[in-house]
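# Examining the three-dimensional arrangement
This is what each chain is made of:
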Protein chains: 2
Amino acid sequence: MTVKECCEIMERAGVKPTSIRILTYKAVSELHDTFSLGDLENLLEDVDKSSLFRALRTLSDHHLIHALEDGSGSVKYCVCHNHGACTEEEHHCHFFCEQCKKTYCLEDCVVPKANLPQGFEAHEVNYVIKGICSNCKKA
Amino acid sequence: MTVKECCEIMERAGVKPTSIRILTYKAVSELHDTFSLGDLENLLEDVDKSSLFRALRTLSDHHLIHALEDGSGSVKYCVCHNHGACTEEEHHCHFFCEQCKKTYCLEDCVVPKANLPQGFEAHEVNYVIKGICSNCKKA
DNA sequence: GCCACTTTGCAACCTTGTTGCAATTAACAT
DNA sequence: ATGTTAATTGCAACAAGGTTGCAAAGTGGC
C-alpha cells in the first residue's frame, strides 16, 4: 500500500496521519496474519515502543485494526480489511496454533452468532479457536 | 461442596488432592462466574500466590477448570461443571462487561461452531462476547 | 524411622503493557 | 515569517501479572 493510500484510509477514519501512524499502518497492512506490539517493534526497529503502542491504540480506537486475545500472553492485532467500516457480521475467526504459536486470521470464517440472555448488549466478539494448524499437522 | 466431594472429583480426574488443591477447588467451585489468579489470592489471603498459580495450572491441565482470555489483562478461570469430562460441545460462552469489568459465564449459551479450513485441527475455543451486562444497562 | 519424591512458600525475576514528562513537531492565526 | 497553542513523539521509569529457582516442609512406600 502506498503512503498516499494509507493517509486516505486514515483520514476517512478520522485519524490524523502522523509519521509514526503512517509507518505503522503501512507496515501492518502488509501482514496477512496477526501481530503483537512486540512483533511490530521488531519489524520497525528504530521506532520507540511507546510510540508504536500509542499508534496501535489510536488505530484500534478508530477500528482500522482489531485487537484480540489468543492466550499467548500478548495482545494481538490484525488489520481491518473493511477500513474501519466493520460491522459485527464481518468479524472473522482466529486460529491459534498451540505448536508454532502463530495466530491466523481465518478470513473466510465468520464468527458465528451466539444467543445472549435478556438485557445483555453485545459490542464485539473475541473468537479464537486453538489447536494445530495445517502446517504443523503435516510435519 | 464438601472436602470429600472435592477429593473424589479430583481423584477421578487424576489429580492428587493436596491441601492447597482442595482449598482452591473448594473455593472456586462455589463461584458462579469467572475469577482470576488475583481474585483467588484475595479470597484466600493466607495462601501464597505461586502455590495458587500452580494449583490452578494443575486443575486446568486436568480440565477441572477452564482458562479463558477476556482482554481484561489477566487470565480468567471458571469451574468445569462436567468435572473434567467436558467435550467441545459443552463449552459455554463468556460475556465481559465493559463497564463493571465482570466476566460472566453464560451457562445456557453454547459456543457456536465455526468452519475451519482444511487441515486445521481444533482443540478448544475461546469465545468472549464484550458489551454491557443487564445490571449495568439498567443503571 | 528412613529414603525418595512431591508439594509448598518465599523471593526474585521476566515480559508485557502503560504513564509522566520534556522535547519536538505540527497547526494556525496574526 | 513569527509567535502561540496544541498534539505527537522518545525516553525512562514503572506497574501488573505471571512464572521460576530453590530450600523447607510434607507425603508415601518400605
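Attention in this report is confined to the structure presented alongside it. (Residues numbered from 1 in each chain as written. Chains lettered and ligands numbered in written order. Predicted model: local features only at pLDDT ≥ 70, side-chain atom pairs only at ≥ 80, totals over all residues. Heavy atoms only, no water.)

With that out of the way, let us pick up helix H4 (residues 49–61) of chain A. In an α-helix there are 3.6 residues to a turn, and that puts residues three or four apart on one side. Residue and element names in this part refer to chain A. Under the 1.5 Å per step criterion, the end-to-end length of H4 is 18 Å for 13 residues, consistent within 8% with the ideal 18 Å. Those residues of H4 that sit buried are Leu52, Ala55, Leu56, Thr58 and Leu59. Seen along its axis, H4 keeps its buried residues to an arc of 165 degrees; they face one direction. Against helix H1 (3–12), helix H2 (19–28), strand S1 (35–36), helix H3 (37–43), strand S2 (65–68) and strand S3 (76–79) lie the buried residues of H4. The positive-phi residue at the C-terminal boundary of H4 is His63, with phi of around 60 degrees. (Helix = DSSP H or I, 4+ residues; strand = E, 2+ residues; numbered from the N terminus. Expected span 1.5 Å × (residues − 1). Buried < 20%, exposed > 50% of the residue type's maximum accessible area, 1.4 Å probe, protein only. Arc of directions from axis to C-beta. Contact = heavy atoms within 4.5 Å.)

Below, the discussion takes up the relation of the copies chain B and chain A. Overlay of chain B on chain A (RMSD 0.0 Å): rotation 180 degrees, translation along the axis 0.0 Å. With respect to symmetry, the two chain copies, as superposed, fit the operation of a two-fold axis. For chain B, the minimum C-alpha distance to the rotation axis belongs to Tyr127 of chain B and amounts to 2.3 Å. Counting the interface residues of chain B, we find that 100% of their copies in chain A are interface residues as well, pointing to one common contact surface. (Least-squares fit on C-alpha atoms with pLDDT ≥ 70 in both.)

For side chains bearing opposite charge, pairing can occur when the charged atoms are close. Residue and element names in this part refer to chain A. Scanning the model with the defined rule gives 12 salt bridges over all chains in all. A salt bridge links Lys102 to Asp33; its shortest N-O distance comes to 3.5 Å. With Lys102 in the loop between strand S4 (92–97) and strand S5 (103–110) and Asp33 in the loop between H2 and S1, the pair connects residues that are 69 residues apart, well separated along the chain. Here Asp33 falls in the buried class, since its relative accessible area comes to 17%. (Salt bridge = Lys/Arg side-chain N within 4 Å of Asp/Glu carboxyl O.)

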